[in-house]
Amino acid sequence: DEKAEERIEKGNELYGFVKQYSTIGKLIWENVSNAKYEDYLLYHKSSTLPGKPLNLNYDVIQFVMHWDASPNSDTYEAEFRLNSTGFEWAVCYEGVALEFPHNPGHGNWLYRVRGNNAEGSGTWSDEFNVILPV
C-alpha cells in the first residue's frame, strides 16, 4: 500500500511537471508556429476549477516562496500583504512555476497562492505567515 501510494504521488508530480512545460511551450510558440504550438497541447481538458494549493512555505535564507502543485492548475497567482489591519493583498507572482523569489523587506507578512486554468481561479491556499527580522 505504501509503495502504491508512493507511485501515485510520483506520477502526479511528473504530470504536474508535464503540465508546466506544456504551458511554457504553448506560450513560446503561440504566435510563432502553429505546428510547434500543437506539440505542447495536452488532450485531457480540465472541466473543473483548480484545487487548493497545499504546503505553502517560505525559505527565509533564499527569500523563495514555494508550494505543491494543485490539481487542474495551469498557472499560479500569489499575493502578499502586511499582517496588520488595513492592508490589502497585492499580487507578487503570476506564472507556471511552483516557486518564486520575493523579498518584501523586514516585517510580518502574509502570503497566499491559488491556481488558475481555462475554467477560472481556484481556492486560495491557507495563508502563510512570514516574519523577516531587521
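Check the entry above for the structure.
Residues numbered from 1 in each chain as written. Predicted model: local features only at pLDDT ≥ 70, side-chain atom pairs only at ≥ 80, totals over all residues. Heavy atoms only, no water.

Enquirer: How would you explain the nonpolar core if you had to name every residue and give the values?
Expert: Counting residues in each nonpolar core, the largest one holds 15 residues, and the members touching the most others are M65, W67, F100 and Y111. Looking at this core, the elements that each hand over two or more residues are β3 (75-82), β4 (90-95), β6 (107-117) and β8 (128-132). Beyond its immediate stretch of four places on either side in the chain, F100 contacts F63, V64, M65, W67, A78, C92 and Y93. (Core = buried A, V, L, I, M, F, W, Y, C linked by side-chain atoms within 4.5 Å. Buried < 20%, exposed > 50% of the residue type's maximum accessible area, 1.4 Å probe, protein only. Helix = DSSP H or I, 4+ residues; strand = E, 2+ residues; numbered from the N terminus. Contact = heavy atoms within 4.5 Å.)

Enquirer: Outline the sheet that holds strand β2 (residues 64-66), listing residues and values.
Expert: The strand order across the open sheet formed by three strands is β1-β2-β5, and the pairing between neighbours is antiparallel. The sheet is open, and its two borders are formed by β1 (57-59) and β5 (99-101), each paired with just one other strand. Here the strands of the sheet are splayed against their neighbours by 20° on average, with no regard to which way each runs. Relative to β5, β2 runs antiparallel, the two sharing three bridges. Considered in β5, the bridge of V64 is made with P101. (Pairing = 2+ DSSP bridges. Axes fitted to C-alpha atoms, helices over the stretch in contact; angles between N-to-C directions.)

Enquirer: How would you summarise unusual backbone geometry if you had to cite specific residues and measurements?
Expert: Phi angles above zero are rare outside glycine, and F63 is one such case at about 55°. Its location among the elements puts F63 in the loop between β1 and β2. Here the phi dihedral of N72 falls at roughly 70°; this positive angle occurs in a residue that is not glycine. In this fold, N72 is placed in the loop between β2 and β3.

Enquirer: Which residues make up helix α1 (residues 2-29), and what values do they have?
Expert: Counting along an α-helix, one turn takes 3.6 residues, and residues three or four places apart therefore face a common direction. Over its 28 residues, α1 runs 41 Å from end to end, which matches the ideal 40 Å to within 8%, given 1.5 Å per residue. Regarding α1, the residues found buried are G16, K19, Q20, S22, T23 and G25. Buried residues along α1 sit against β3. (Expected span 1.5 Å × (residues − 1).)

Enquirer: Summarise the pattern of salt bridges; cite the residues concerned and give the values.
Expert: Overall, the coordinates contain five salt bridges when judged by the stated rule. A salt bridge links K3 to E6; the shortest N-O distance between them is 3.8 Å. Of the two residues, K3 and E6 are both situated in helix α1; the distance of three residues between them amounts to about one turn of the helix. A relative accessible area of 54% places K3 in the exposed class. (Salt bridge = Lys/Arg side-chain N within 4 Å of Asp/Glu carboxyl O.)

Enquirer: Talk me through the environment of N72; I want residue IDs and the actual numbers.
Expert: With a relative accessible area of 25%, N72 lands in the partly exposed category. Distance in space between the C-alpha atoms of N72 and A118 is 9.7 Å, their sequence separation being 46 residues. A polar side-chain atom of N72 sits 2.8 Å from a polar atom in the side chain of T48. (Polar contact = N/O pair within 3.5 Å; in protein donor to acceptor, adjacent residues only side chain to side chain.)

Enquirer: Describe the environment of T23, naming the residues involved and giving the relevant values.
Expert: Here T23 lies in helix α1. Judged by relative accessible area, which is 10%, T23 ranks as buried. Considering only alpha carbons, one finds T23 and D126, 103 residues apart in sequence, at a separation of 25 Å. Once residues lying within four places of it in the same chain are set aside, the contact partners of T23 are D74, T75 and V96.

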